[in-house]
Amino acid sequence: METSTTPAPSTSETFDAAHPDVRTPAELLRSSASAVWVFLVLATVVSWALGTDHGFVESTRTASLIVLVVAFVKVRFVGLYFMELKDAPLPLRALIEAYCLVVCCLTIGFYLAG
Amino acid sequence: MTDIDLEARPATTSPPSTRRTRRIPGEEGTWIFIFGDMCVFAVFFCVFLHARISDPVGFARDQAELNQNFGAINTVLLLVSSLFIVLTMRVIHSSNAVMRAKAPVFIAAAWLCGAGFLVIKGFEYAEKVHHGITPQTSDFFMYYFVLTGLHAFHLVLGLALLVVLFVMSRKPELSKGQFAFFEGGACFWHMVDLLWLVLFPLIFLVR
C-alpha cells in the first residue's frame, strides 16, 4: 500500500515535466489543451451545421463522411491533449492513434456499405 | 501499486534539455479499463452502422425525429466539463495557494456540466416517450436508447467519481497513489466526453 505523500506537488521533479507550476490565471489558460478545446467547440459547430442542412456541402454523403472524420480527429485530440497521452510511453500513445485510425476506417466502411 | 513515477524515457540521443519525459497518466490498470470500454463502444458503433445497411430509409426517417440541437448542446456541455477537468489537473500542482484552491471549484463546475447533460438527456427521452417513441418502436430507436443509455450510465459513474475527486482535491496534499487515482479519474471523465464525440455524430448527424 502506498503511504508516501507528496507535500507540494509543484516541488516534485516528477510532476514538473508534464505539469508546470501554474501561478496566475493567465498561465492557467496558456496551454495547448486550451487551443485544442477551442478547436473542439468549433469542430462541433461545423459538424452540427453539416448534419442539419445548415451546411455548405450539398451531398449528404460527403457531409456525413466529413462529420465522421472530424469526430475521430476530435477523439484523437481529446486522447492526446486532455488525457495527456501525447507524452505517454510510445505503446500507449500508439494505442490511441491506432484506435482512432482503425475505428474511423471501420465506421466509414460500414457507412459506405449502407 | 503503480504510481506516477512510472515512466519510460525515449531511446533518443537528443540533449537533455530537449528530451521529453514520457509517463503514464494515472495507473496502468486504468488504461486497460478505459481502452477496453472504448473497444466495446467501437463494436457498438459498427453494429449500429451494420444494422443501418439493411434499412437505410427507416434509419433516416427515424433519425429525422431526433433533436440535433439537444445533442449539440450536450456535446458543448461535455467539452466545457472536460475543460474544467483539464484546468483542475493544471492547478492541482500549483505552488500558489489561491490557484490550488480553485481545483475543487473547477471539479464542481465540471460536475454541474455533466449533470446538465443528464437533465437535457432526460428532456430528450421525455420528448420521445411523449410522442409514443420507445425502444420497441424500431431498430433505430432501440439502438438510440441502448447506446445513449449506456453512455448516460458511464456519465453517472463519472459524476460519482467526480465527487470523490472533489473531496480529494480539498486535501492539502495527495500521496502518490492518491494522485495516480486522481489522474485516472480525470481520464475516465475525458473518456465519457470522447465516447459522446462519436455517438453524437453517429446517431444524430450521419445521414
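Before reading further, recall that the structure is shown in the block above.
Residues numbered from 1 in each chain as written. Chains lettered and ligands numbered in written order. Predicted model: local features only at pLDDT ≥ 70, side-chain atom pairs only at ≥ 80, totals over all residues. Heavy atoms only, no water.

Asker: Help me understand the pattern of salt bridges in this model?
Answerer: Side chains that carry opposite charge are capable of pairing whenever their charged atoms lie near each other. Summed over all chains, the structure comprises seven salt bridges over all chains. One salt bridge connects B:Arg23 with B:Glu183, and the closest N-O pair in it is separated by 3.0 Å. On the criterion of sequence distance, the pair formed by B:Arg23 in the segment before helix 1 (28–54) and B:Glu183 in helix 7 (residues 176–205) is long-range, its members being 160 residues apart. A residue is classified by how much of its surface remains accessible, and B:Arg23, at 3% relative accessible area, is buried. For B:Glu183, a relative accessible area of 2% translates into the label buried. Among the ionic pairs, B:Lys128 bridges to B:Glu127, the shortest N-O distance being 3.3 Å. The class of B:Lys128 is buried, set by a relative accessible area of 2%. By sharing partners, the salt bridges in this structure join A:Arg76, A:Arg93 and A:Glu97 into a single network. (Salt bridge = Lys/Arg side-chain N within 4 Å of Asp/Glu carboxyl O. Helix = DSSP H or I, 4+ residues; strand = E, 2+ residues; numbered from the N terminus. Buried < 20%, exposed > 50% of the residue type's maximum accessible area, 1.4 Å probe, protein only.)

Asker: What should I look at first to understand the environment of A:Lys74 in this one?
Answerer: When you line up the elements, A:Lys74 lands in helix 4 (residues 60–82). Taking relative accessible area as the criterion, A:Lys74 reaches 3% and is therefore assigned buried. Linking A:Lys74 and A:Phe39, residues 35 residues apart in sequence, is a C-alpha distance of 8.5 Å. Sequence-distant contacts of A:Lys74, defined by excluding residues within four places in its chain, comprise A:Leu40, A:Ala43, A:Thr44, B:Thr75 and B:Leu197. (Contact = heavy atoms within 4.5 Å.)

Asker: What is the right way to look at helix 4 of chain A in this model?
Answerer: In an α-helix, one turn spans 3.6 residues; hence positions three or four apart end up facing the same way. Compared with an ideal rise of 1.5 Å per residue, which puts 23 residues at 33 Å, helix 4 of chain A spans 31 Å between its outermost C-alpha atoms and is within 8% of the ideal. One or two residues past the end of helix 4 of chain A sits A:Glu84, with phi positive at roughly 65°. (Expected span 1.5 Å × (residues − 1).)

Asker: Honestly, the nonpolar core in this entry has me stumped. Any pointers?
Answerer: Across soluble globular proteins, nonpolar side chains show a tendency to be buried alongside one another. One finds A:Leu85, B:Trp31, B:Met38, B:Phe48 and B:Ile203 to be the most contacted residues of the largest nonpolar core, which totals 89 residues. Of all the secondary structure elements, the ones that give two or more residues to this core are helix 3 (32–51), helix 4 and helix 5 (90–113) of chain A together with helix 1, helix 3 (68–91), helix 5 (102–130), helix 6 (139–169) and helix 7 of chain B. The element that contributes the greatest number of residues to this core is helix 7 of chain B, accounting for 19 residues. Among residues more than four places away in sequence, those in contact with B:Met38 are A:Ile96, A:Tyr99, B:Met191, B:Leu194 and B:Leu195. (Core = buried A, V, L, I, M, F, W, Y, C linked by side-chain atoms within 4.5 Å.)

Asker: How should I be thinking about the environment of B:Ser54 in this particular structure?
Answerer: All names here are of chain B. Within the fold, Ser54 resides in helix 1. Take Ser54: its relative accessible area is 65%, and that puts it in the exposed class. Among the polar contacts listed, one links the side chain of Ser54 to the backbone oxygen of Ala51, at a separation of 2.9 Å. (Polar contact = N/O pair within 3.5 Å; in protein donor to acceptor, adjacent residues only side chain to side chain.)

Asker: I keep staring at a nonpolar patch on the surface and nothing clicks. Help me out?
Answerer: Residues and elements named next belong to chain B. Side chains of Trp111, Leu112, Val163 and Val167 sit close together on the surface and give an oily, nonpolar patch of about 370 Å² of accessible area. Those elements that provide at least two residues to the nonpolar patch are helix 5 and helix 6. Checked against the element boundaries, Trp111 lands in helix 5. Trp111 sits in the partly exposed class, given a relative accessible area of 33%. (Patch = residues over 30% accessible without salt bridge, like charges linked within 9 Å, V, L, I, M, F, W, Y side chains within 5 Å. Areas by Shrake-Rupley, 256 points an atom, 1.4 Å probe, with all protein chains shown as cover.)

Asker: Teacher, can you tell me more about the interface of chain A and chain B here?
Answerer: Interface size is commonly expressed as the accessible area that is lost once the parts come together. With 64 residues of chain A in contact, the opposing surface of chain B contributes 64 residues. Between chain A and chain B the total buried area reaches about 5900 Å² when both faces are included, carbon and sulfur atoms providing 70% of it. Looking at the side of chain A facing chain B, the largest losses of area belong to A:Leu28, A:Met83 and A:Tyr99, adding up to 12% of the total buried there. At the surface where chain A touches chain B, the tally comes to zero salt bridges. Counting across the chain A and chain B interface gives 14 residue pairs in polar contact (both at pLDDT 80 or more). (Buried area = accessible area lost by both parts, 1.4 Å probe.)

Asker: Is there a simple way to explain unusual backbone geometry in this structure?
Answerer: Backbone phi values are negative for most residues with the exception of glycine, while trans is the configuration of most peptide bonds. Within the chain, A:Glu84 stands out as a residue other than glycine whose phi angle is a positive 65°. Looking at A:Glu84, the relative accessible area reads 21%, which means it is partly exposed.

Asker: Just checking my understanding: could you explain the packing of aromatic side chains for this structure?
Answerer: The geometry of an aromatic ring pair comes down to the distance between the two centres and the angle between the two planes. Residues and elements named next belong to chain B. Applying the stated criterion across every chain, the model contains 21 aromatic pairs over all chains. Judged by centre distance (6.4 Å) and plane angle (50°), the rings of Phe41 and Phe45 are tilted. Taken together, the positions of Phe41 and Phe45, both in helix 1 and four residues apart, correspond to about one turn of that helix. Judged by its relative accessible area of 0%, Phe45 falls in the buried class. Their ring planes at 50° and their centres at 5.6 Å tell us that Phe48 and Phe59 sit as a pair that is tilted. Remark: Phe59 occurs in helix 2 (residues 56–63) and Phe48 occurs in helix 1; sequence separation between them is eleven residues. (Phe/Tyr/Trp six-rings, centres within 6.5 Å; stacked < 30°, edge-to-face > 60°.)

Asker: Would you explain the state of the cysteines in this entry?
Answerer: Throughout this description, disulfide means a covalent bond between two cysteine sulfur atoms. Under the defined criterion, the tally for this structure stands at zero disulfides over all chains. With no disulfide of its own, A:Cys105 lies closest to A:Cys104 among cysteine sulfurs, the gap being 5.7 Å. (Disulfide = S-S within 2.5 Å.)

Asker: When you look at the packing of helix 5 of chain B against helix 7 of chain B in this model, what are you seeing that I'm missing?
Answerer: Any two packed helices are characterised by the angle at which their axes cross and by the distance between the axes. Residues and elements named next belong to chain B. One way to put it is that helix 5 packs onto helix 7 with a least axis distance of 13 Å and a crossing angle of 30°. One element, helix 5, and the other, helix 7, form an angle in the roughly parallel class. When you trace helix 5 past helix 7, the crossing you get is left-handed. On the side of helix 5, the interface is formed by Ile107, Ala110, Gly114, Phe117, Lys121 and Glu124, while helix 7 contributes Phe182, Trp189, Trp196 and Phe204. A breakdown of the residues in the contact of helix 5 with helix 7 according to their chemical character gives seven nonpolar, one polar and two charged. (Axes fitted to C-alpha atoms, helices over the stretch in contact; angles between N-to-C directions. Parallel < 35°, antiparallel > 145°, perpendicular 65-115°, else oblique. Left-handed = near helix turned anticlockwise from the far one by under 90°. Nonpolar A, V, L, I, M, F, W, Y, C, P; charged D, E, K, R; others polar.)

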